[in-house]
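Residue-level structural notes
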Amino acid sequence: MAHEKILVLDFGGQYNQLIARRVRENGVYCDLWPYDTDIKKIREYNPIGIIFTGGPNSVYEDGAPHIDPKILELGIPVLGICYGCQLIAYTLGGKVAHADIREYGRIEIEYRESQIFKTLKEHNICWMSHTDYVSEVPSGFQITAKTKTCPAAGFEDPKRKIYGIQFHPEVHHTAEGNKILRNFLYEVCGASGDWTMSNFVAEQVSLLREKLKGKKVLCAMSGGVDSAVAATLVHRAAGNNLTCVFVDHGLLRKGEAEEVVEVFRNKLGMNLIKADVRDRFLEKLKGVCEPEKKRKIIGEEFIKVFEAEAKKIGSVDYLVQGTIYPDVIESGKGASAVIKSHHNVGGLPSVVDFKEIVEPLRDLFKDEVRKVGTELGLPDSVVQRQPFPGPGLAIRIMGEVTEEKLQTLRDADYIFREEIAKAGLNQEVWQYFAVITSTYTVGVMGDARTYEPVIALRAVTSVDAMTADWAHIPYEVLERVSNRIVNEVAHANRIVYDITSKPPATIEWE
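Residues numbered from 1 in each chain as written. Predicted model: local features only at pLDDT ≥ 70, side-chain atom pairs only at ≥ 80, totals over all residues. Heavy atoms only, no water.

1. Things to note about the packing of aromatic side chains
- All chains considered together, the criterion is met by 15 aromatic pairs.
- Ring centres of F141 and F155 lie 5.7 Å apart, and the angle between their planes is 70°; on these two criteria the pair is classed as edge-to-face. Here F141, found in the loop between β6 (123–136) and β7 (142–146), pairs with F155, found in strand β8 (residues 154–157); they are 14 residues apart in sequence, far enough to count as distant.
- Taking the relative accessible area as the measure of exposure, F155 reaches 0% and is therefore buried.
- Ring plane angle 75° and centroid distance 6.4 Å describe the contact between Y163 and F184, whose orientation is recorded as edge-to-face. Placement of the pair is Y163 in strand β9 (residues 162–165) and F184 in helix α4 (residues 177–188), with a sequence separation of 21 residues.
- Through a chain of ring-to-ring contacts, three or more aromatic side chains come together here, namely F11, Y35, F52 and Y83.
- Just above the ring of Y325 sits the side chain of R24; from NZ or CZ to the centre is 4.9 Å.
- One cation-aromatic arrangement involves R182 over Y186; the distance from NZ or CZ to the ring centre is 4.4 Å. (Phe/Tyr/Trp six-rings, centres within 6.5 Å; stacked < 30°, edge-to-face > 60°. Helix = DSSP H or I, 4+ residues; strand = E, 2+ residues; numbered from the N terminus. Buried < 20%, exposed > 50% of the residue type's maximum accessible area, 1.4 Å probe, protein only. Lys NZ or Arg CZ within 6 Å of the ring centre and 35° of its normal.)

2. A closer look at helix α1 (residues 16–25)
- Summarising burial for α1: nine of the 10 residues are buried, a large majority.
- Here α1 has its buried residues at N16, Q17, L18, I19, A20, R21, R22, V23 and R24.
- A positive backbone phi angle near 85° is found at G27, which sits one or two residues after α1.

3. Thoughts on the packing of helix α5 (residues 197–212) against helix α6 (residues 225–238)
- Where α5 contacts α6, the axes come no closer than 8 Å and their chain directions differ by 55°. Classified by the angle their axes make, α5 and α6 are oblique. For α5 against α6, the interelement crossing comes out right-handed. On α6, the residues touching F200, V201, Q204, V205, L208, R209 and L212 of α5 are L233, V234, R236, A237 and A238.
- Looking at the contact of α5 with α6, its residues break down into nine nonpolar, one polar and two charged. (Axes fitted to C-alpha atoms, helices over the stretch in contact; angles between N-to-C directions. Parallel < 35°, antiparallel > 145°, perpendicular 65-115°, else oblique. Left-handed = near helix turned anticlockwise from the far one by under 90°. Contact = heavy atoms within 4.5 Å. Nonpolar A, V, L, I, M, F, W, Y, C, P; charged D, E, K, R; others polar.)

4. With respect to the nonpolar core
- Counting 71 residues, the largest nonpolar core has L9, I50, F52, F155, V234 and F264 as the members making the most contacts within it.
- No other element matches the nine residues that α6 contributes to this core.
- Ranked by size, the runner-up nonpolar core spans 49 residues in total, among them V247, V288, I397 and A412. (Core = buried A, V, L, I, M, F, W, Y, C linked by side-chain atoms within 4.5 Å.)

5. Overview of helix α9 (residues 291–313)
- Its 23 residues place the ends of α9 33 Å apart at the C-alpha level, agreeing with the 33 Å of an ideal helix rising 1.5 Å per residue.
- All of the buried residues in α9 are K294, I297, I298, E301, F302, I303, V305, F306, E309, A310 and I313.
- Those residues of α9 that are buried are in contact with β10 (217–221), β11 (242–248), β12 (271–276), α8 (278–285) and β13 (318–320).
- Two to three positions downstream of the cap, the backbone nitrogen of E292 sits 3.1 Å from a side-chain oxygen, assigning the N-cap of α9 to E290.
- Looking one or two places after α9, you find G314, whose phi comes out positive at around 100°. (Expected span 1.5 Å × (residues − 1). Polar contact = N/O pair within 3.5 Å; in protein donor to acceptor, adjacent residues only side chain to side chain.)

6. Things to note about unusual backbone geometry
- Residue P503 is reached from K502 by a cis peptide bond, and omega for that bond is -15°.
- Along the polypeptide, P503 turns up in the segment after β18 (495–497).
- P503 connects to P504 through a cis peptide bond whose omega is 10°.
- By the secondary structure assignment, P504 is in the segment after β18.
- The phi dihedral of C82 falls on the positive side, at around 60°, and the residue is not glycine.
- By the element assignment, C82 lies in the loop between β4 (78–81) and α3 (83–91).

Rendered as structure tokens:
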């Protein structure tokens, strides 16, 4: 089925992926392409609308990204956001100036009558992030929004369906920002909203069924959301021709290995091979403290185990990958066979005998992958699983990884996650987990001296993990977590809470 499409042209803005996600959340499919995409390719893509993102440049800088002016002559509706707004003005003969007073953060804005501001409150709040501004709109355009320091916070030529807004409607800080995007999609571009996850599942199953008929398919299942959903989608189409290999390296969270087997083998009836190699990984990690060395060892061993299990199966026609759209964007390439080094199964194509890669989720963002999982009937415990690093708990243990530390960390992490869920915060907090630090402190338990590593709790709120704020978890919840860990978990006598945002910190500790 050919969906209606919006093309988002990327000028390097920090919110570029968020714009694309917001469009899709409104029921319209879109792709994010580089700003310098050839106009012939744009015509062939045949979008119902085009959005220019923001970006860090000034339109007058040497080497600043610009567009082919013919894009604005295609008769396709265009919405320029921030730098994209300035670029429209510059390209069509308007003027862009350097502001004496910069606008960053929440700003009061006044809207005038416009299709894209339809049903919005006249006096409102928007999110600004700019130094340059449009000082003079091009001929034929009218101003539709203003702030105290930005005279053309919005402008338009409704006849040509070209719109510019200086602020960011895609971020939640802009009140009613989603209405602006929705108005552009439905009122200006005439979208019908044919992009739904139920449609996606039906279409993918149909396509995969035809492609994989009578073929042998292999999937490396990590237990994460992407590989789980990809495998389930392919299983719906290929049935018993799919074999999943689950490598249990002993570095998963409490109960996860058992759940993978229970859900995918026992409930969904998949051909699932579980390779129990926990002792092998622990032996390889013995004495290793440097995080990057841990990562390398785990990655290499994963491939070796997978290769050994794959050879037992014999010749394979297709290899299933859980590649998702952000991976495609970050790779900068469109070839379906590109494997990213940050994947758990990076490197498999060189060691496994297969003919082609199947990536059923490569057009989806993470939140869409979760919706597909729900459509496929996967339990929330799988679909809403916390983001989890490929090396697993090995990089949440500072220093050497031992079975004793793994057990302590599993139990502490489980309590933290359980209490977050009980408090109803599991949908609000992006990621939350425990860490065993390399700092030992003295404690007193049962009138006896203890000397154990400090356990740190980490919880953040985020949209895309590129930036993150530490989560303001209520004190009473943190108190319950701390009390339970020191009372129920061996080798735990001191709990601390990490209140550092990203940047300057990262979400993970290693």
